[in-house]
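Below, each chain spelled out in residue letters.
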Amino acid sequence: MRIGVLGLQGDVAEHAAMLRGLADVVIVKKASELETLDGLIMPGGESTTIGKLIQKYEIDRAIKAKRLPVFGTCAGAILLAKKILATEQFSLRLMDIAVERNAYGRQKESFEADLEIPALGKPPFRGIFIRAPVIRKCGKDVEVLAEHEGSIILARQGKILVATFHPELTRDARVHEYFIKLITGA
Ligand code: GLN
């Protein structure tokens, strides 16, 4: 199993560290590096910046052509959404969700919370939210995996997975393991 971490901007090293022991890790900076991968993680960071860079390096086209399973966290989730509310910016549009950026407002811009995620088992998952988006709407092919205070925070459509929080900043590998299981169909 080879998983790429999109390495253009954002918390790349943290995702790579989390994957160690679960898969071979490739830091992806060029479209050609997607060729041998089984899946790709798009990290958090700044979605406008990452969006510009993946177009510049034609990584957007390669992801689509290869129909690669993708896990997007925070900014990565924004970049997978079919619709980004209120701002005009690039997205891969691979998942039928509508997201609102920076949706928690100033006071709660960044916060932590214990999340109930049935697909990961009983122990709560520590959710770290950093200027996180909110998933406002989902299409019928989207499976909602978890909500927090009425907002969808983890969801999947086929082999595309999105989290509005940052599992790579914890020591809990369950979301990354879940993505690997999605890829293998286990
Ligand atoms: N606020 C960022 C954006 O809109 C996302 C923040 C993050 O990835 N932690 O792109």
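A brief report on the enclosed structure follows. Bear in mind the structure is a predicted one, so any value in this text is a computation, not a measurement.

Structural notes on the site of the ligand
Within the structure, the ligand sits among Gly44, Gly45, Glu46, Ser47, Cys74, Ala75, Ile78, Arg101, Asn102, Ile130, Arg131 and His166. Glycine 45 places a polar main-chain atom, nitrogen or oxygen, 2.9 Å from an oxygen atom of the ligand. In the environment of the ligand, a nitrogen atom lies 2.7 Å from a nitrogen or oxygen atom belonging to the side chain of asparagine 102. Coverage of the ligand by the protein chains reaches 97% of its 300 Å² of free accessible surface. Tallied by class, residues from the shell around the ligand come to 4 nonpolar, 5 polar and 3 charged.

Looking at the packing of aromatic side chains
Scanning the model with the defined rule gives 6 aromatic pairs in all. Considering the side-chain rings of phenylalanine 111 and phenylalanine 129, the 4.6 Å spacing of their centres and the 5° angle between planes classify their relative orientation as stacked. Of this pair, phenylalanine 111 sits in strand E7 (residues 110–115) while phenylalanine 129 sits in strand E8 (residues 125–130); the two residues are 18 residues apart in sequence, bridging distant segments of the chain. Each member of the pair phenylalanine 111 and phenylalanine 129 is classed as buried. One aromatic cluster is present, built from ring pairs that chain together Tyr104, Phe111, Phe125, Phe129 and Phe165.

Focus: the pattern of salt bridges
Under the counting rule described, the total for this entry stands at 9 salt bridges. With a shortest N-O distance of 2.9 Å, glutamate 46 and arginine 131 are connected by a salt bridge. Of this pair, glutamate 46 sits in the loop between strand E3 (39–42) and helix H2 (47–56) while arginine 131 sits in the loop between E8 and strand E9 (134–138), and the two are 85 residues apart along the sequence. Among the residues examined, glutamate 46 registers a relative accessible area of 22% and is labelled partly exposed. Between arginine 174 and aspartate 172 there is a salt bridge, with the nearest N and O atoms lying 2.8 Å from each other.

Conventions we followed
- Residues numbered from 1 in each chain as written.
- Predicted model: local features only at pLDDT ≥ 70, side-chain atom pairs only at ≥ 80, totals over all residues.
- Heavy atoms only, no water.
- Near = heavy atom within 4 Å.
- Polar contact = N/O pair within 3.5 Å; in protein donor to acceptor, adjacent residues only side chain to side chain.
- Areas by Shrake-Rupley, 256 points an atom, 1.4 Å probe, with all protein chains shown as cover.
- Nonpolar A, V, L, I, M, F, W, Y, C, P; charged D, E, K, R; others polar.
- Phe/Tyr/Trp six-rings, centres within 6.5 Å; stacked < 30°, edge-to-face > 60°.
- Helix = DSSP H or I, 4+ residues; strand = E, 2+ residues; numbered from the N terminus.
- Buried < 20%, exposed > 50% of the residue type's maximum accessible area, 1.4 Å probe, protein only.
- Salt bridge = Lys/Arg side-chain N within 4 Å of Asp/Glu carboxyl O.

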